[in-house]
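Structural features, examined
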Amino acid sequence: MVIDAMRKRINGGELGPGDKLPTESQLSSHFGVSRTVVREAIAALAADGMVQPRQGAGVFVMAQASSAFSAIAGMRSNKISVALNVLEVRMGIEIESAALAAQRRSASQQAAIHEAWNEFGRLLERNVPTGKTDFSFHRAIAEATNNPFYIEVLEALGSRTIPCDVASPWGTDSVLTYEYQVGLHEEHRLILDAISARDADGAREAMRDHLSRSQDRYRSRLAENARTDRI
């Protein structure tokens, strides 16, 4: 597969940070596949944070492309299992980041969190994918900790951070309902309210509840799939 070959070249150091990928035409010719297949492979690599398309310039390898997170991206795994694994990691990071954001956030950082929440609602009303704005909300909270490593971890996880988006390769159609995303928006509001009130304990618990609910939803879907497989 094109994507596996490209991952191997990047993780193996053949293509290093800042290197430009061959053109679509060159990759199509090299692998003997259509340009559509090449574009899909590049889109998947970009979603994993391994490459970055730049308008009019080409596609470039990202600095963190050879990180452990990117290597994990190449592993074959059930989508729901991946989502659960990511949520487990996020619980170890984001629960405390919410508390720190409540303690440390500036007025402008609070405004950024609020704007990301508002934008989620606007996209939801228009029935537009909310994943990127969902990520922006969580990233804004990480930013408000004033500890750059919280941001670095979220960015390394990339699109895997927010599986509830049709644009994410880790998403599942079974949970991408309007009602599901309305629930997420309300859970985000509780986190936002606690951070705005500088309530560290409240922010910690609101984030714990939010991520725990997401875990429960995916576990239910995993169990449902297992029952279906036995039929």
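Residues numbered from 1 in each chain as written. Predicted model: local features only at pLDDT ≥ 70, side-chain atom pairs only at ≥ 80, totals over all residues. Heavy atoms only, no water.

A few words now on the overall build of the protein chain. Across its full length, the protein chain carries ten helices and two strands. Secondary structure elements in the protein chain, listed N-terminal to C-terminal, are α-α-α-β-β-α-α-α-α-α-α-α. Expressed as a percentage of the 231 residues in the protein chain, the buried residues total 44%. Partitioning the intrachain contacts of the protein chain with sequence separation of at least 6 by distance along the chain shows that 70% fall at a separation of at least 24. Carbon and sulfur atoms make up 52% of the accessible area of the protein chain, which totals about 11,700 Å². (Helix = DSSP H or I, 4+ residues; strand = E, 2+ residues; numbered from the N terminus. Buried < 20%, exposed > 50% of the residue type's maximum accessible area, 1.4 Å probe, protein only. Contact = heavy atoms within 4.5 Å. Areas by Shrake-Rupley, 256 points an atom, 1.4 Å probe, with all protein chains shown as cover.)

Here the distance between the centres and the angle between the planes together describe a pair of aromatic rings. With the rule as written, the count across this model stands at zero aromatic pairs. Directly above the aromatic system of F60 lies the positively charged group of R54, at a separation of 4.3 Å from the ring centroid. (Phe/Tyr/Trp six-rings, centres within 6.5 Å; stacked < 30°, edge-to-face > 60°. Lys NZ or Arg CZ within 6 Å of the ring centre and 35° of its normal.)

Among the secondary structure elements, Q181 is positioned in helix α9 (residues 178-196). Exposure remark for Q181: the relative accessible area of 12% places this residue in the buried category. A polar contact of 2.4 Å, which involves the side chain of Q181, links it to the side chain of T130. (Polar contact = N/O pair within 3.5 Å; in protein donor to acceptor, adjacent residues only side chain to side chain.)

Further remarks concern the environment of R213. Locating R213 in the fold gives a position in helix α10 (residues 200-230). For R213, a relative accessible area of 43% corresponds to the partly exposed category. For the pair R213 and L184, spaced 29 residues apart in sequence, the C-alpha to C-alpha distance is 9.2 Å.

To continue, consider the environment of A200. Within the secondary structure, A200 is located in helix α10. Residue classification places A200 among the buried positions, given a relative accessible area of 12%. Separated by 104 residues in the primary sequence, A200 and E96 place their C-alpha atoms 8.8 Å from one another. Other than its neighbours up to four places away in sequence, A200 contacts A99, A102 and Q103.

Take it as geometry only, folks, not as evidence of what the structure does.
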